[in-house]
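Residue-level structure breakdown
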Amino acid sequence: MRKMPMTFEGARHMPLFRRRSGGEGAQDRAGRRGFGFGFGRRGTGSPAAAGAAEPRLDPAYGDESVRLALRQAADGDWAALRPTLAAAAGGEDLSFLVGAISEVPRVEQWTARALADTPDDTLLLVLSGARHVVWGWEARTGARAKDVTEERWKVFHERLDVAEEQLLEVAEREPSWHAPWGFLQRSSMGASLGPDVATCRFEAAVRRSPGNAGSHRVRLQQLSAKWGGSHEEMHAFARSTMLAAPEGSHLGELVALAHLEHWLALPDGEDRAYLTSPAVVSGLQEAAFRSVLHPDFTPVRGWQASFNAFAMAFSLADQPKTARLLFEALDGCVTRAPWNYLAGDPVKAFRSHRDRCAAPWR
């Protein structure tokens, strides 16, 4: 079995498991209760049935206003885009929008030109800083550190240096904004600024936006074994965060992500045994029913990321009924992570797991 490099963007392949026998679990209770999410779902029945949406990566998460903002960013139309960011300034929506736009190629080109004309535009500065973080990681690539060329390391750090300067300036100008701190978290990982800086930036981010899923995902990565932490630290953080959050919070997804990170680190054979173990399945059940399957769960922008994480975890844990509920609610909306932990195309991996979980014998 070929395994992919275990980097921030690393992935590997793992075959779907055969269904295990045993007593009633979350998948059986979920199947009986028939959770109706009321969003993102085209109808009843298996997602492989006629009428199910074709899986697709959608950076707008099905939100037409975000889709418009991404088109404006791709066109370099700052005059049209700025009012949208200004309306979101100070809240979580700004972090979400800046995060989505930062993935658009060539944003760094027109933001640099615009900043030359209006250097005091803080919205432009946070967007440029965020793009430089993403642009830096693009230069580094997802290769193992030992395989990254000296030239790529140089470009990576040059871009992160620009990001650090711009985002720290935004943080000083707008002390209540979460957006600069969320990207400073990612920058600190790449720049290897150490655990004290990482902790400080995470705490700064959550003071401004306590329930922000993106900041918690980065923190989970920082505590993972592949980034110098440990499985124990990572799991403890995920569980304590879930228990501290209100029931129905998106933050329950951290438990699923932690188990997937742990699975990723294990050799073939041990990985399957780990994810299908009663303790892990029980932990996934608890987390799902405290978050995405809880009656108080509210779909905010980007809710699909939580559902994708749980759908993959339950599918790999051989819990097809629970996974099926999540796949149905997603209606074909694929997020790159965590499906990029399986070798190949995330959309193909999503489709394969969704259709297997929908099979009548599962």
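It should be noted that the structure appears before, not after, this text.
Everything in this summary refers to the structure shown in the same document. (Residues numbered from 1 in each chain as written. Predicted model: local features only at pLDDT ≥ 70, side-chain atom pairs only at ≥ 80, totals over all residues. Heavy atoms only, no water.)

Here the focus is the overall build of the protein chain. Across its full length, the protein chain carries 18 helices and two strands. Within the protein chain, buried positions represent 55% of all 362 residues. Long-range contacts, defined as pairs at least 24 residues apart, comprise 71% of the intrachain contacts of the protein chain with a sequence gap of at least 6. A total accessible area of about 15700 Å² is found for the protein chain, and carbon and sulfur atoms account for 52% of it. (Helix = DSSP H or I, 4+ residues; strand = E, 2+ residues; numbered from the N terminus. Buried < 20%, exposed > 50% of the residue type's maximum accessible area, 1.4 Å probe, protein only. Contact = heavy atoms within 4.5 Å. Areas by Shrake-Rupley, 256 points an atom, 1.4 Å probe, with all protein chains shown as cover.)

Here we take up the packing of aromatic side chains. Tallied over the full model, the rule gives 12 aromatic pairs. Ring plane angle 80° and centroid distance 6.1 Å describe the contact between W137 and W227, whose orientation is recorded as edge-to-face. In this pair, W137 sits in helix 6 (residues 122-140) while W227 sits in the loop between helix 10 (213-223) and helix 11 (231-244), placing the two residues 90 residues apart along the sequence. Residue W227 is classed as partly exposed on the basis of its relative accessible area, which comes to 28%. The interplanar angle of 80° and the centroid separation of 5.0 Å between the aromatic rings of W303 and F307 together place this pair among those described as edge-to-face. On the criterion of helical spacing, the pair formed by W303 and F307 is a turn pair, its members being four residues apart in helix 15 (residues 303-316). Each of the two residues, W303 as well as F307, counts as buried. Here the aromatic cluster, defined as three or more aromatic residues joined through ring pairs, consists of W137, W153, F156 and W227. (Phe/Tyr/Trp six-rings, centres within 6.5 Å; stacked < 30°, edge-to-face > 60°.)

This paragraph deals with the pattern of salt bridges. All told, the structure shown has 15 salt bridges when counted by the stated rule. Across the pair R131 and E108 runs a salt bridge whose closest N-O atoms are separated by 2.7 Å. With R131 in helix 6 and E108 in helix 5 (residues 107-117), this residue pair connects regions lying 23 residues apart in the sequence. Judged by relative accessible area, R131 falls into the buried class, the value being 2%. Between R201 and E164 there is a salt bridge, and its shortest N-O distance comes to 2.7 Å. Taken together, the residues R201 in helix 9 (residues 195-208) and E164 in helix 7 (residues 150-173) connect sequence positions 37 residues apart. For the pair R201 and E164, a shared accessibility class is recorded, and that class is buried. (Salt bridge = Lys/Arg side-chain N within 4 Å of Asp/Glu carboxyl O.)

Position of A198 among the secondary structure elements: in helix 9. Take A198: its relative accessible area is 8%, and that puts it in the buried class. Sequence separation of A198 and L223 is 25 residues, and the distance between their C-alpha atoms is 9.9 Å.

Turning next to the environment of W135. Position of W135 among the secondary structure elements: in helix 6. Considering only alpha carbons, one finds W135 and V104, 31 residues apart in sequence, at a separation of 9.6 Å. Excluding its chain neighbours within four sequence positions, the residues that come into contact with W135 are E108 and R159.

The geometry of helix 11 relative to helix 12 (residues 253-265) is characterised by a closest axis approach of 8 Å and an angle of 165° between their N-to-C directions. One way to sum up the angle between helix 11 and helix 12 is to call them roughly antiparallel. For the element pair helix 11 and helix 12, the recorded crossing hand is left-handed. Across the interface between the two elements, H231, M234, H235, F237, A238, R239, T241 and M242 from helix 11 touch L254, V255, A258, H259, E261, H262 and A265 from helix 12. (Axes fitted to C-alpha atoms, helices over the stretch in contact; angles between N-to-C directions. Parallel < 35°, antiparallel > 145°, perpendicular 65-115°, else oblique. Left-handed = near helix turned anticlockwise from the far one by under 90°.)

This paragraph deals with the packing of helix 5 against helix 6. At a minimum axis separation of 9 Å, helix 5 and helix 6 run at an interaxial angle of 145°. Helix 5 and helix 6 meet at a crossing whose hand is left-handed. Residue-level contacts link V107, E108, W110, T111, A114 and L115 of helix 5 to L124, L125, L127, S128, R131, H132 and W135 of helix 6. In terms of residue class, the contact of helix 5 with helix 6 is built from eight nonpolar, three polar and two charged. (Nonpolar A, V, L, I, M, F, W, Y, C, P; charged D, E, K, R; others polar.)

Assignment of secondary structure puts Y61 in the loop between strand 1 (56-57) and helix 2 (64-75). As for Y61 and A305, which are separated by 244 residues in sequence, their C-alpha atoms are 9.0 Å apart. Residues in contact with Y61, not counting those within four places in the same chain, are F96, G302, Q304, A305, C333 and T335.

Given 3.6 residues per helical turn, the α-helix brings residues three or four places apart onto the same face. When helix 3 (residues 78-88) is considered as a whole, its buried residues turn out to be W78, L81, L85 and A88. Mapping the buried residues of helix 3 onto a view down its axis gives an arc of 85°, with all of them on the same face. Away from its buried face, by an angle of more than 90 degrees, helix 3 presents the exposed residues A79 and A87. Tucked inside the fold, the buried residues of helix 3 contact helix 2, helix 4 (92-101), helix 5 and helix 6. Looking at the residues trailing helix 3, positive phi occurs at G90, about 95°. (Arc of directions from axis to C-beta.)

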